[in-house]
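Observations on the three-dimensional arrangement
The lines below spell out each chain.
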Amino acid sequence: MKLPIVAYGDPVLRQAAEEIDENYPNLSALIDNMFETMYAANGVGLAAPQVGLPIRLFVVDASPFGEDEDEVSRDPSTKDFKRVFINPIMVEETGEKWAFSEGCLSIPHINEDVVRPERVVINYLDQQFEEQEEILTGLAARVVQHEYDHIEGKLFIDKLGPLKKAMLKSKLDSISKGQVDVSYKMSFPQLKKKR
Ligand code: NI
């Protein structure tokens, strides 16, 4: 089942999300639904707050980056990089900082260069609640950094300079009011209030 994606402006995107345990209701159905929602919207990652749930859970499938026709932009770190991250902890972020144009399903039609360190160590529970620790680089690290920010209540636009932010303000206001054309179902905070 596809879930509506929460749009920019909804307070759930600004909450620090809570850990969950194995008894979280209908967790495997939720994970299936998050993958279905992400694929339908052509995303490579989706965090639980983006479907309205302030819990420390996100899913990623960055394999589209690994299948890029263009050899230069093809990134081997993303090959078969499909994962479920439960209660993740970012252990370390190191290496050279690099810029990559990021977007977000909650902030449609905005893409901006974001600078992040190239390598991460992340500790998490997989869907079987087995503890995992992975070292990631390249776009795999990038997707995880973006999704991890979501469960900390952060968005990629927070990392932009003040001038860029000022330039995006009216676009962001329009998104929160539902004045945006998207191919997937969204939930808009300002429309919700009126109902
Ligand atoms: Ni996002």
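Treat the numbers as computed from the prediction; the structure is a model and nothing was measured.

The next thing to look at is the nonpolar core. The nonpolar side chains of a soluble globular protein tend to be buried, and buried together. In this structure, Met34, Leu57, Ile86, Ile107 and Ile157 are the most contacted members of the largest nonpolar core, which totals 37 residues. Of all the secondary structure elements, the ones that give two or more residues to this core are α1 (27-40), β3 (57-61), β4 (82-104), β5 (107-125) and α4 (162-176). For this core, the element with the most residues is α1, which contributes six residues. The residues touching Met34, leaving out its near neighbours within four places in the chain, are Leu3, Leu46, Ala47, Ala48, Val51, Leu57, Phe58 and Val59. Residues Phe58, Phe85, Ala140 and Tyr148 belong to the second largest nonpolar core, which totals 18 residues.

On to the coordination of the nickel ion. Protein-derived coordination of the nickel ion comes from Cys104 (SG), His146 (NE2) and His150 (NE2), at a distance range of 2.1 to 2.3 Å. Sequence positions of the residues that donate to the nickel ion give the spacing C-x41-H-x3-H. With His146 and His150 both in helix α3 (residues 138-151) and four residues apart, the pair spans about one turn of that helix. Summarising the burial analysis for this pair, His146 and His150 share the class buried.

Attention now moves to the packing of aromatic side chains. This model, assessed by the stated rule, comprises four aromatic pairs. Between the aromatic rings of Phe58 and Phe85, the centroid separation amounts to 4.7 Å while the plane-to-plane angle is 25°, which identifies the pairing as stacked. One end of the pair, Phe58, is in strand β3; the other, Phe85, is in strand β4, with 27 residues separating them in the sequence. Summarising the aromatic geometry, the rings of Trp98 and Phe100 are spaced 5.8 Å apart at their centres and angled 50° between planes, so their arrangement reads as tilted. Classification of Trp98 by relative accessible area gives partly exposed; the value is 26%. Overall, the relative accessible area of 24% leaves Phe100 in the partly exposed class. Grouping aromatic residues by their ring pairs yields a cluster made of Phe58, Phe85 and Tyr124. Above the face of the Phe35 ring, Lys82 is positioned so that its terminal group lies 4.6 Å from the ring centre.

Next up on the list: the pattern of salt bridges. Oppositely charged side chains can form a pair if their charged atoms are brought close together. Overall, the coordinates contain 11 salt bridges when judged by the stated rule. Here Arg116 makes a salt bridge to Glu102, at a shortest N to O gap of 2.8 Å. Residue Arg116 is located in strand β5, and its partner Glu102 is located in strand β4; the two are separated by 14 residues in the primary sequence. Each member of the pair, Arg116 as well as Glu102, carries the same accessibility label: buried. Salt-bridge contacts for Arg116 lead to Asp149; the nearest nitrogen and oxygen are separated by 2.9 Å. Of the two residues, Arg116 sits in strand β5 while Asp149 sits in helix α3, which places them 33 residues apart along the sequence. Accessibility assignment for this pair places Arg116 and Asp149 in one class, buried. Overlapping salt bridges, with partners in common, bring together Glu102, Arg116, Arg142, Asp149 and Lys159 in one network.

Residue position: Asp10 is located in the loop between β1 (5-6) and α1. The exposure class assigned to Asp10 is buried, which follows from its relative accessible area of 6%. Among the polar contacts listed, one links the side chain of Asp10 to the backbone nitrogen of Val12, at a separation of 3.0 Å. The residues contacting Asp10, other than those within four sequence positions of it, are Pro189 and Lys192.

Following the sequence through the fold, Thr37 ends up in helix α1. With relative accessibility at 3%, the residue Thr37 sits in the buried group. Polar side-chain contacts of Thr37 include one of 2.6 Å to the backbone oxygen of Asn33. Those residues in contact with Thr37 that lie beyond four places of it in its chain are Met1, Lys2, Leu3, Ile5 and Leu46.

Parameters and conventions
- Residues numbered from 1 in each chain as written.
- Predicted model: local features only at pLDDT ≥ 70, side-chain atom pairs only at ≥ 80, totals over all residues.
- Heavy atoms only, no water.
- Core = buried A, V, L, I, M, F, W, Y, C linked by side-chain atoms within 4.5 Å.
- Buried < 20%, exposed > 50% of the residue type's maximum accessible area, 1.4 Å probe, protein only.
- Helix = DSSP H or I, 4+ residues; strand = E, 2+ residues; numbered from the N terminus.
- Contact = heavy atoms within 4.5 Å.
- Donors = N, O, S within 2.8 Å, 3.2 Å for Na, K, Ca; no water.
- Phe/Tyr/Trp six-rings, centres within 6.5 Å; stacked < 30°, edge-to-face > 60°.
- Lys NZ or Arg CZ within 6 Å of the ring centre and 35° of its normal.
- Salt bridge = Lys/Arg side-chain N within 4 Å of Asp/Glu carboxyl O.
- Polar contact = N/O pair within 3.5 Å; in protein donor to acceptor, adjacent residues only side chain to side chain.

None of this, on its own, says anything about what the molecule does.
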